[in-house]
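Here is how the chains run, residue by residue.
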Amino acid sequence: LSLNTVLHVLNQLVLDLESGRLRSDDVDYELIEKIMHYIEEFLDTMHHPKEDNYLFPALLKKTSEANDVILELQEQHEKGVEHRKRLEVHIQVMKDKHPGQTEKVIDALKDYLAAHRAHMKLEDTVVIPLAERVLTEEDWAPIDAAFNENKDPVFGDVPQNKFRKLLSDITFLAPSPIGLGGGRK
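(A) Geometry of the nonpolar core. Ranked by size, the top nonpolar core spans 31 residues in total, and within it Leu10, Val27, Ile35 and Ile39 carry the most contacts. Those elements that provide at least two residues to this core are helix 1 (3-19), helix 2 (29-62), helix 3 (67-95) and helix 4 (101-134). Of all the elements, helix 2 adds the most residues to this core, at ten residues. In contact with valine 27, other than residues within four places in its own chain, are Leu13, Leu17, Leu22, Ile32 and Met94. Core analysis: the next-biggest nonpolar cluster, separate from the first, contains 15 residues, Leu59, Ala66, Val69 and Leu130 among them.

Structure (structure tokens):
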């Protein structure tokens, strides 16, 4: 499993809700809550701060080629937390069976997923290739150390103890072929 897998599960939720294959009463809210917890713990708390505090400053020191992209990514990091919290509120309101919330959740999820895809595309097509081109081994050392210090707590090679249950739960609850589909009716 990986971040892409988690985003795929959220995308499948959108498709299922839009098509009517899944009604709001049948949503596996436990799985969605665990996914949102993973996003908060990994992306918002560990991964993005490492980019902001290590990778981006190293790049800005070496070149001005990607200044605008780096500023955009940093703004997206800040907005991403607010976006996630807003999405969580919509999901909770849908779970509480308030009318009209399914469409709001679908729209919020679509926005959230589109923002993540655009963010990852900028990193993959601009930032990482630039970093590989301009940063030296000496530049990479503190970046690597910082990222290695906080490996993905859930989906890394050795999940941290407090995340082992979360990994197990997401794997059990996620629909097949991503997980075991234990939460689907």
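(B) Seen up close, a negative patch on the surface. A cluster of like negative charges, contributed by Asp68, Glu72, Glu75, Glu78 and Glu82, occupies part of the molecular surface. Structurally, glutamate 82 is set in helix 3.

(C) Here's a closer look at the confidence of the model for the protein chain. Per-residue pLDDT for the protein chain has a mean of 85; in total, 81% of the residues score no lower than 70. The weakest mean pLDDT in the protein chain belongs to helix 6 (residues 161-173) at 65; the strongest belongs to helix 4 at 94.

(D) Broad picture of the packing of helix 1 against helix 2. The interhelical angle for the contact between helix 1 and helix 2, taken along N-to-C directions, is 145°, at an axis separation of 11 Å. Classified by chirality, the crossing of helix 2 by helix 1 is left-handed. Judged by residue contacts, Leu3, Val6, Val9, Leu10 and Leu13 of helix 1 engage Leu31, Ile32, Ile35, Tyr38, Ile39 and Leu43 from helix 2. Partitioned by chemical class, the residues of the contact of helix 1 with helix 2 number eleven nonpolar, no polar and no charged.

(E) Broad picture of helix 5 (residues 137-149). The end-to-end C-alpha separation of helix 5 is 18 Å, in line with the 18 Å expected for 13 residues at 1.5 Å each. Buried within helix 5 are the following residues: Asp139, Ile143 and Ala146. Structurally, helix 5 contributes buried residues whose contacts are with helix 2 and helix 4.

(F) Inspection of the packing of aromatic side chains at higher detail. With the rule as written, the count across this model stands at one aromatic pair. The interplanar angle of 15° and the centroid separation of 5.6 Å between the aromatic rings of tyrosine 38 and phenylalanine 42 together place this pair among those described as stacked. Note that tyrosine 38 and phenylalanine 42 are positioned in helix 2 at a spacing of four residues, about one turn of the helix. Residue classification places phenylalanine 42 among the buried residues on the basis of a relative accessible area of 11%.

(G) Region of the structure containing the side chain of histidine 119. Along the chain, the position of histidine 119 falls in helix 4. With relative accessibility at 5%, the residue histidine 119 sits in the buried group. Discounting chain neighbours no more than four positions away, the residues touching histidine 119 are His48, Glu51, Leu73, Gln76 and His77.

(H) The arrangement of the environment of arginine 117 in detail. Looking at the secondary structure, you find arginine 117 in helix 4. Sequence-wise, arginine 117 and asparagine 4 are 113 residues apart; in three dimensions their C-alpha atoms are separated by 9.4 Å.

Criteria and thresholds
Residues numbered from 1 in each chain as written. Predicted model: local features only at pLDDT ≥ 70, side-chain atom pairs only at ≥ 80, totals over all residues. Heavy atoms only, no water. Core = buried A, V, L, I, M, F, W, Y, C linked by side-chain atoms within 4.5 Å. Buried < 20%, exposed > 50% of the residue type's maximum accessible area, 1.4 Å probe, protein only. Helix = DSSP H or I, 4+ residues; strand = E, 2+ residues; numbered from the N terminus. Contact = heavy atoms within 4.5 Å. Patch = residues over 30% accessible without salt bridge, like charges linked within 9 Å, V, L, I, M, F, W, Y side chains within 5 Å. Areas by Shrake-Rupley, 256 points an atom, 1.4 Å probe, with all protein chains shown as cover. Salt bridge = Lys/Arg side-chain N within 4 Å of Asp/Glu carboxyl O. Lys, Arg positive; Asp, Glu negative; His and termini not counted. Charge placed at Lys NZ, Arg CZ, Asp CG, Glu CD. pLDDT = per-residue confidence, 0-100. Axes fitted to C-alpha atoms, helices over the stretch in contact; angles between N-to-C directions. Left-handed = near helix turned anticlockwise from the far one by under 90°. Nonpolar A, V, L, I, M, F, W, Y, C, P; charged D, E, K, R; others polar. Expected span 1.5 Å × (residues − 1). Phe/Tyr/Trp six-rings, centres within 6.5 Å; stacked < 30°, edge-to-face > 60°.

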